Structure formats: structure tokens, C-alpha cells
Amino acid sequence: MKKTVFKLFIFLLLNLSISSHLLAEPKVPWPATLNIPEPVPDNCITSPRKGTVDLKCDDLLFTLHVPEVCLKKACGLIVDIHGFQMTADLQNYYTDLAKRGGNEGYIVIQPTAKKTSYGRNWEYKDDNASKIFSFMNRVKKVFHVMDERVHVTGFSQGSWMTWRFVCHYAEHLGSVAPIAFGAGWPKDYFKQPLLINVFSNCFKGKQVDVLYAHGKKDGTVHYSGALKTVKKIGEDWNLANAEVLFKDEDYQRVRFTNSQGTVLEFISYNWVRKDLEGHCFPGVGNYLGCGRTNSFHWGDEVVKFFLEHPKKP
């Protein structure tokens with residue numbers, strides 16, 4: 001049965017005709033439309049206010065972006081996690097989520113990993129995910145965030161962290177958007193392109209809508225891990241329905257769904273950058289960007305997906 005599902009996936013991924021991308025209006029309210037009480041400070045977020053502030057909680061540094069409207073209206077929340085050797089500021093440069101998410105009524109959290117002997121990295125440890133989850137809950141409580149509109153996204157090692165949120169905290173999330181790392185443990189941390197062993201028990205719990213992107217020519221994290229990830233989720237969640245939303249020589253987007261309405265949208269792209277090849281952010285220039293002339297900006301796609309995929313009622 002599993003082999004049949006995967007063969008169906010490959011066939012659909014390569015050969016299905018393009019379908020229109022029409023999504024129904026969410027059944028939950030839009031961000032920043034419902035009145036809320038004033039923010040309630042806690043022992044870490046001691047002075048809740050609009051704008052950008054750096055806070056250290058649970059021995060991690062967090063950059064918190066709060067639009068002015070979120071002081072009076074119930075906003076959504078996006079956690080945006082950087083990759084190896086990056087910081088919150090670099091992550092925001094490439095995703096632009098503080099602005100793009102803020103314009104749509106989202107508070108944005110961007111954590112920064114602690115320095116290790118290998119530089120700033122999340123060390124593939126779940127206790128880092130738990131610390132970010134704890135801060136996420138602080139922000140939810142202080143700013144009266146909409147429970148249906150809490151989301152996580154991340155690049156590279158931050159993508160790995162996003163998958164760990166799916167494994168451990170799916171019931172608390174509306175949807176997620178990992179890019180450039182599959183759902184698995186690295187086989188050899190020091191060998192590139194990195195190969196992974198897919199998580200065996202991650203997708204047995206609550207299902208959550210996923211937007212996942214990975215470069216076919218990724219020279220840092222091998223594309224085979226992306227195919228293994230989509231195969232594993234497809235089998236565990238019985239994502240038997242598929243349609244190609246877009247396909248050209250540069251990228252394609254495929255949507256998988258099941259009878260419960262769970263959605264996995266998978267974007268694969270051929271854009272490359274020097275050195276890192278396809279390990280990059282679509283729609284952005286400079287070192288970690290795939291190029292400003294790409295067909296879409298990753299931050300835009302993330303915000304659109306999160307708006308359209310809140311937690312199901």
C-alpha cells in the first residue's frame with residue numbers, strides 16, 4: 001500500500017495538469033479584527049508595547065515585532081526561525097516577515113540561537129524548540145493572540161525546528177511553513193549535501209496544514225530528503241488527493257489533501273545561488289537569496305498560506 005501511495009505521488013508530482021488555486025474564505029475571523037483587553041505584562045515581557053524589542057527569556061534572545069493594532073485587536077502570531085550561523089536580524093532580512101506579517105495583523109517572533117563552538121546554531125536539540133514554544137505562549141497570553149492563528153516557519157536548520165514543532169506541538173498551531181530542510185535527523189552532520197533519516201513517529205499525532213519548499217539543486221541539504229518527507233507525510237496522513245497548482249521550468253507547486261481537509265503544499269524550485277546552489281530564499285538577493293527576479297517572494301507565500309490556513313474550528 002505504501003509503495004502504491006508513493007508511486008502515485010511521483011506520478012502526480014510530475015505529470016498532473018495544472019489546477020486553479022481557489023481557496024475558501026477561512027471560517028475563523030481575520031487577524032486584527034476582534035477587540036481585546038489591554039496587554040498584560042509578565043516577568044519577561046514587562047512593558048508590552050508596539051514596535052520591535054529584543055528580550056531574553058529562558059536564556060534565549062528573542063526579537064519581538066508588535067504592530068500597533070495588536071494592542072487593541074486580537075492578532076495572529078508567526079514564529080520565524082533562522083538557520084545555521086544566522087541571527088534573527090538576518091532571518092528577517094530574507095523573509096521580511098516583520099513587515100509583511102505585521103501588515104496583515106501578525107505579531108512576529110524571531111529567536112536567535114546561542115553561540116556554540118560551531119557558531120550560532122540550534123544543535124538539533126528539542127529543548128531549544130521547547131524554549132521557543134514557551135516564549136510563544138508568553139506572547140499569546142500577554143497580547144491576547146488569536147489561538148487559531150499561531151504559526152511557525154523556518155529556514156534550513158530553522159526548518160528542522162519547524163518540523164519539531166509539528167512533532168510536539170501541532171495541536172497549538174494553525175499551519176507551518178518549513179523551507180530547505182526535510183523532517184528528519186541528519187545522517188552525518190559534517191557531510192554536505194546533508195542526507196536525512198525521516199522522523200519515524202512525528203506524524204502520528206494531530207495533523208496540521210503545511211507549506212514546504214525545497215530547492216531541487218540544494219547543495220547543503222539534499223533534495224532527496226524533501227521527497228522522503230513528502231512521502232512519509234503522505235503515507236501517515238493518507239494524503240491521497242493531489243493537484244498541480246503551478247508548473248514551469250523554474251518551479252512547481254503541488255497540493256496534497258485528505259478526507260479530513262488537511263493540506264500539504266510542496267514547492268520545488270530550480271533557482272540557485274553561488275556556493276549554496278539551491279539552498280536559498282526565493283525572491284531575495286544577496287548571499288542566501290535565490291534572486292530578486294524569482295517568480296515569488298518566500299515571505300509573501302508564507303503570509304498568504306498562514307492567512308488561508310488557520311487552525312480548523
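Residues numbered from 1 in each chain as written. Predicted model: local features only at pLDDT ≥ 70, side-chain atom pairs only at ≥ 80, totals over all residues. Heavy atoms only, no water.

Asks: Describe a nonpolar patch on the surface, listing the residues and the values that go with them.
Replies: Residues Phe84, Tyr118, Trp185, Tyr189 and Phe190 make up a contiguous nonpolar surface patch of about 600 Å² in total accessible area. Considering the arrangement of structural elements, one finds Phe190 in the loop between strand S9 (184-186) and strand S10 (196-198). Of the residues examined, Phe190 reaches a relative accessible area of 65% and is grouped as exposed. (Patch = residues over 30% accessible without salt bridge, like charges linked within 9 Å, V, L, I, M, F, W, Y side chains within 5 Å. Areas by Shrake-Rupley, 256 points an atom, 1.4 Å probe, with all protein chains shown as cover. Salt bridge = Lys/Arg side-chain N within 4 Å of Asp/Glu carboxyl O. Helix = DSSP H or I, 4+ residues; strand = E, 2+ residues; numbered from the N terminus. Buried < 20%, exposed > 50% of the residue type's maximum accessible area, 1.4 Å probe, protein only.)

Asks: I'd like a description of the state of the cysteines, backed by residues and values.
Replies: Each disulfide consists of a covalent bond between the sulfur atoms of two cysteine residues. On inspection of all chains with the given rule, the structure shows 4 disulfides. What pairs with Cys167 in a disulfide is Cys202, and their sulfur atoms sit 2.0 Å apart. Here the S-S torsion is close to -110°, and the disulfide linking Cys167 with Cys202 is therefore left-handed. Remark: Cys202 occurs in the loop between S10 and strand S11 (209-215) and Cys167 occurs in helix H5 (residues 157-169); sequence separation between them is 35 residues. Under the relative-accessibility criterion, Cys202 is labelled buried at 8%. Each disulfide pairs two cysteine sulfurs, and for Cys280 the partner residue is Cys290, the sulfurs being separated by 2.1 Å. Disulfide Cys280-Cys290: the torsion about the S-S bond is 100°, which places it as right-handed. Of this pair, Cys280 sits in the loop between strand S14 (263-269) and strand S15 (281-282) while Cys290 sits in strand S16 (residues 289-291), placing them 10 residues apart in sequence. According to the relative accessible area criterion, Cys280 is buried, its value standing at 0%. Overall, the relative accessible area of 6% leaves Cys290 in the buried class. Look at the protein chain and number its bonded cysteines as they come in the sequence; the links are 1-2, 3-4, 5-6, 7-8. (Disulfide = S-S within 2.5 Å.)

Asks: Tell me about the packing of aromatic side chains, and please be specific about residues and values.
Replies: The full count for this structure, using the stated rule, is 24 aromatic pairs. On the basis of an interplanar angle of 80° and a centroid distance of 5.3 Å, the ring pair of Trp163 and Tyr212 is categorised as edge-to-face. A residue pair is termed long-range when its members are at least 10 positions apart, and Trp163 in helix H5 and Tyr212 in strand S11 qualify at 49 residues. For Trp163, a relative accessible area of 0% translates into the label buried. Centre to centre, the rings of Trp271 and Phe296 are 5.5 Å apart; their planes meet at 65°, and the pair counts as edge-to-face. Residue Trp271 is found in the loop between S14 and S15, and its partner Phe296 is found in the loop between S16 and helix H7 (298-308); the two are separated by 25 residues along the sequence. (Phe/Tyr/Trp six-rings, centres within 6.5 Å; stacked < 30°, edge-to-face > 60°.)

Asks: Let's hear about the nonpolar core: which residues, and what values?
Replies: With 61 residues, the main nonpolar core has Ile107, Ile132, Phe135, Val139, Phe143, Trp163 and Phe165 as its most contacted residues. The greatest single-element share of this core, amounting to 8 residues, is contributed by helix H4 (residues 126-143). (Core = buried A, V, L, I, M, F, W, Y, C linked by side-chain atoms within 4.5 Å.)

Asks: How would you explain the pairing of strand S2 (residues 60-66) if you had to name every residue and give the values?
Replies: In terms of burial, S2 is largely enclosed, as 6 of its 7 residues are buried. Bridge count between strand S1 (residues 51-57) and S2: 7 bridges; the pairing is antiparallel. By the bridge assignment, Val53 is partnered in S2 with Leu64. Counting the residues between successive antiparallel strands, the hairpin from S1 to S2 contains 2 residues, one of them, Asp58, with a positive phi of roughly 55°. Examined bridge by bridge, S2 and strand S4 (residues 106-112) share 5 bridges and lie antiparallel to one another. From the neighbouring strand, Leu61 faces S4, where its bridge partner is Thr112. (Pairing = 2+ DSSP bridges.)

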